[in-house]
Amino acid sequence: ANTANKPVVRFFEGSEGVLQVYEDHVAGEAPYEMLAFSNTADLMRFLSEDFRTKYIKRKEKIGITTRAILPDQDVDVNYNETIYRNFPKMIWPKLKHVSRKIFPYKSDLTIYGGNKVSIINFNEPLFSATIIEDQIVHDLMKMIFELAWKVASREKARN
């Protein structure tokens, strides 16, 4: 059987598994633009300050830039000032927001590394995550992100 078009799918369980997925985001050497749909309230509860600092330093070293679409809760709107305040502005993610009514998910979808997509589920008690390594899935998710980016707003929604 021809496996050339077969996506590589890896599944991770528990908090250690989820941390492995975040480490995969910054495991390469080549700079790229990370794209994410993220609920940062869950993210910040989950990732220790120490882990976040190492993650951001690694992003800076590799030259990873980020665009993210977040819900419009205060924690998401103030994300950069809270998390990236000690890092150069050039690596601060560019953020847009959508109403939390249409983004109530306790999850994080990240398009990264040239051909990968990670999906993280923050629903307790069992955190889980999946990495899909496939060019077509990556490019399709990237297209969906770009469509959402066009319609998302730069400020906190007022509804």
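Visitor: So what's going on with the pattern of salt bridges? Residues and values would help.
Guide: On inspection of all chains with the given rule, the structure shows 8 salt bridges. Across the pair R10 and E133 runs a salt bridge whose closest N-O atoms are separated by 3.6 Å. Of this pair, R10 sits in strand β1 (residues 8-13) while E133 is found in strand β7 (residues 128-133), placing the two residues 123 residues apart along the sequence. Among the residues examined, R10 registers a relative accessible area of 31% and is labelled partly exposed. The partner of R67 in a salt bridge is E33, and the shortest N-O contact between them spans 2.7 Å. With R67 in strand β3 (residues 65-71) and E33 in strand β2 (residues 33-38), this residue pair connects regions lying 34 residues apart in the sequence. Since its relative accessible area comes to 33%, E33 is described here as partly exposed. Here the salt bridges do not stand alone but share partners, grouping R10, D24, K116 and E133 into one network.

Visitor: Before we move on, could you go through the nonpolar core and cite the residues and values that matter?
Guide: Counting residues in hydrophobic clusters, the biggest one holds 32 residues, and the most contacted among them are V18, Y22, Y79, Y84, I120 and F122. Broken down by element, this core gets its largest block of residues, 4 residues, from helix α3 (residues 49-62). Apart from the residues within four sequence positions on either side, F122 is in contact with Y22, D42, L43, F46, K106, S107, D108 and F127.

Visitor: Which residues make up a nonpolar patch on the surface, and what values go with them?
Guide: Taken together, the side chains of L140, M143, I144 and L147 make up a nonpolar region of the molecular surface, amounting to roughly 380 Å² of accessible area. By the secondary structure assignment, I144 is in helix α6 (residues 135-151).

Visitor: Describe the packing of aromatic side chains, naming the residues involved and giving the relevant values.
Guide: The full count for this structure, using the stated rule, is 9 aromatic pairs. On the numbers, 6.4 Å between centres and 75° between planes, the contact of F122 with F127 is edge-to-face. Members of the aromatic cluster, connected to one another through ring pairs, are Y22, F51 and Y55. Above the face of the W92 ring, K89 is positioned so that its terminal group lies 4.3 Å from the ring centre.

Visitor: Pulling in residues and values, what's your account of the pairing of strand β4 (residues 94-98)?
Guide: Most of β4 sits out of view: 4 of its 5 residues are buried. Strand direction decides the pairing type here: β3 and β4, joined by 5 bridges, are parallel. Following the sheet pairing, P71 is matched in β4 by V98.

Visitor: Describe the sheet that holds β1, listing the residues and the values that go with them.
Guide: Sheet strands pair by backbone hydrogen bonding; their relative direction is either parallel or antiparallel. Taking strand neighbours across the sheet as the criterion, the 7 strands line up as β1-β7-β6-β5-β2-β3-β4 in an open arrangement whose pairing is mixed. The open sheet has two edge strands with one neighbour each: β1 and β4. Averaged over all pairs of adjacent strands, the angle between their axes in this sheet comes to 15°, without regard to strand direction. In the sheet, β2 pairs with β3 via 5 bridges, with the strands oriented parallel. Each bridged residue has a counterpart across the sheet, and for E33 the counterpart in β3 is T65. Packed onto the sheet, helix α1 (residues 14-25) meets β1, β2, β5 (107-112), β6 (116-121) and β7 and runs at close to 135° relative to β1.

Conventions used here
Residues numbered from 1 in each chain as written. Predicted model: local features only at pLDDT ≥ 70, side-chain atom pairs only at ≥ 80, totals over all residues. Heavy atoms only, no water. Salt bridge = Lys/Arg side-chain N within 4 Å of Asp/Glu carboxyl O. Helix = DSSP H or I, 4+ residues; strand = E, 2+ residues; numbered from the N terminus. Buried < 20%, exposed > 50% of the residue type's maximum accessible area, 1.4 Å probe, protein only. Core = buried A, V, L, I, M, F, W, Y, C linked by side-chain atoms within 4.5 Å. Contact = heavy atoms within 4.5 Å. Patch = residues over 30% accessible without salt bridge, like charges linked within 9 Å, V, L, I, M, F, W, Y side chains within 5 Å. Areas by Shrake-Rupley, 256 points an atom, 1.4 Å probe, with all protein chains shown as cover. Phe/Tyr/Trp six-rings, centres within 6.5 Å; stacked < 30°, edge-to-face > 60°. Lys NZ or Arg CZ within 6 Å of the ring centre and 35° of its normal. Pairing = 2+ DSSP bridges. Axes fitted to C-alpha atoms, helices over the stretch in contact; angles between N-to-C directions.

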